[in-house]
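Now for the letters of each chain:
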Amino acid sequence: MTTIPRSGADILALAPVMPVVVVTDADTAVPLARALVEGGVPAIEVTLRTPAALGAIEQITAEVPGAVVGAGTVVTDEQADAAAKAGARFLVSPGCTPDLVSAMADTGLPFLPGTGTASEVMALLERGLTEMKFFPAEAAGGVGFLKSLAGPLPQARFCPTGGITAESASSYLALPNVGCVGGSWLTPASLVENGRWGDITDLARRAAAL
């Protein structure tokens, strides 16, 4: 049975690794999602960077009952609304503005607003939001930055994304303020374009064991 997230905390608890997926061909969405779910990774962030993204979210939601698909790279009010109507179970943004945070909240979906500085984290905490995306993780300070936030802002918890690899993921997951990490290494274009779903399932299994 699919676990539907009701809060940011639920999103972070879905799996240790959240695949960040760029779908260029909607026909690949369902077999890709099935491969990830089979490997034990139910949470899938489909980024709204391509014309195929909303259709992919609709298809995965309708045809892959074990998947929990969310919309990533949400940067406008209109995208938040469109993603909700397409069946997204959660939203993720690369950054945050007051208007965008309000728009995501208005959808009724749980969401992870993006942060990259201590001030942005504090602004979201003031709004009662304790679960966030940290992006771009490696470029913005990586493990060291998140470790330094745990002391003064222990209530904030993160899904760091951006530049994280299979090799570096465990160092993030070891931090007390990290619930999961986002990464694109589970769904490389070379595997998706050639329909190598078994290889993606193998990558998902390794990620689920982190």
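Residues numbered from 1 in each chain as written. Predicted model: local features only at pLDDT ≥ 70, side-chain atom pairs only at ≥ 80, totals over all residues. Heavy atoms only, no water.

Visitor: Please set out the side chain of Glu131 residue by residue, giving values where relevant.
Guide: In this structure, Glu131 sits in strand 7 (residues 131-134). Although Glu131 is buried, it forms no salt bridge, and the closest oppositely charged side chain is Arg157 at an N-O distance of 4.9 Å. For Glu131, the side chain forms a polar contact with the side chain of Thr130, separated by 2.9 Å. Beyond its immediate stretch of four places on either side in the chain, Glu131 contacts Gly8, Ala9, Leu12, Phe111, Leu112, Pro113 and Arg157. (Helix = DSSP H or I, 4+ residues; strand = E, 2+ residues; numbered from the N terminus. Buried < 20%, exposed > 50% of the residue type's maximum accessible area, 1.4 Å probe, protein only. Lys, Arg positive; Asp, Glu negative; His and termini not counted. Salt bridge = Lys/Arg side-chain N within 4 Å of Asp/Glu carboxyl O. Polar contact = N/O pair within 3.5 Å; in protein donor to acceptor, adjacent residues only side chain to side chain. Contact = heavy atoms within 4.5 Å.)

Visitor: So, the pairing of strand 3 (residues 68-72): which residues are in play, and what are the values?
Guide: For strand 3, a buried count of five out of five residues is recorded, marking the element as mostly surrounded by other parts of the structure. Note: strand 2 (residues 43-47) against strand 3, five bridges, orientation parallel. When the sheet's bridge partners are listed, Ile44 is paired in strand 3 with Val69. Note on the crossover from strand 2 through helix 3 (residues 53-63) to strand 3: the handedness is right-handed. (Pairing = 2+ DSSP bridges. Right-handed = clockwise from strand over helix to strand, strands pointing away.)

Visitor: Residue-level account of a negative patch on the surface, with values.
Guide: A grouping of Asp77, Glu78, Asp99 and Asp106 is seen on the molecular surface, where their side chains present a negatively charged patch. According to the relative accessible area criterion, Asp77 is partly exposed, its value standing at 39%. (Patch = residues over 30% accessible without salt bridge, like charges linked within 9 Å, V, L, I, M, F, W, Y side chains within 5 Å. Areas by Shrake-Rupley, 256 points an atom, 1.4 Å probe, with all protein chains shown as cover. Charge placed at Lys NZ, Arg CZ, Asp CG, Glu CD.)

Visitor: Break down the sheet that holds strand 8 (residues 157-160) for me, citing the residues and quoting the values.
Guide: The strand order 6-7-8 describes an open sheet built from three strands, whose pairing is parallel. In this open sheet, the two edge strands, each paired with only one partner strand, are strand 6 (114-115) and strand 8. As paired strands, strand 6 and strand 7 are joined by two bridges and run parallel to one another. In the sheet register, Gly114 faces strand 7, and the bridge partner there is Lys133.

Visitor: Let's hear about the packing of helix 2 (residues 29-38) against helix 10 (residues 197-208): which residues, and what values?
Guide: Each packed pair of helices is defined by two parameters, the angle between the axes and the distance between the axes. Contact pair helix 2 / helix 10: the axes reach a minimum separation of 7 Å and the direction vectors enclose 40°. In terms of orientation, helix 2 lies oblique with respect to helix 10. Relative to helix 10, the crossing made by helix 2 is right-handed. Facing Pro31, Leu32, Ala35, Leu36 and Glu38 of helix 2, the residues of helix 10 in contact are Trp197, Ile200, Thr201, Ala204 and Arg205. Of the residues that constitute the contact of helix 2 with helix 10, the class distribution is seven nonpolar, one polar and two charged. (Axes fitted to C-alpha atoms, helices over the stretch in contact; angles between N-to-C directions. Parallel < 35°, antiparallel > 145°, perpendicular 65-115°, else oblique. Left-handed = near helix turned anticlockwise from the far one by under 90°. Nonpolar A, V, L, I, M, F, W, Y, C, P; charged D, E, K, R; others polar.)

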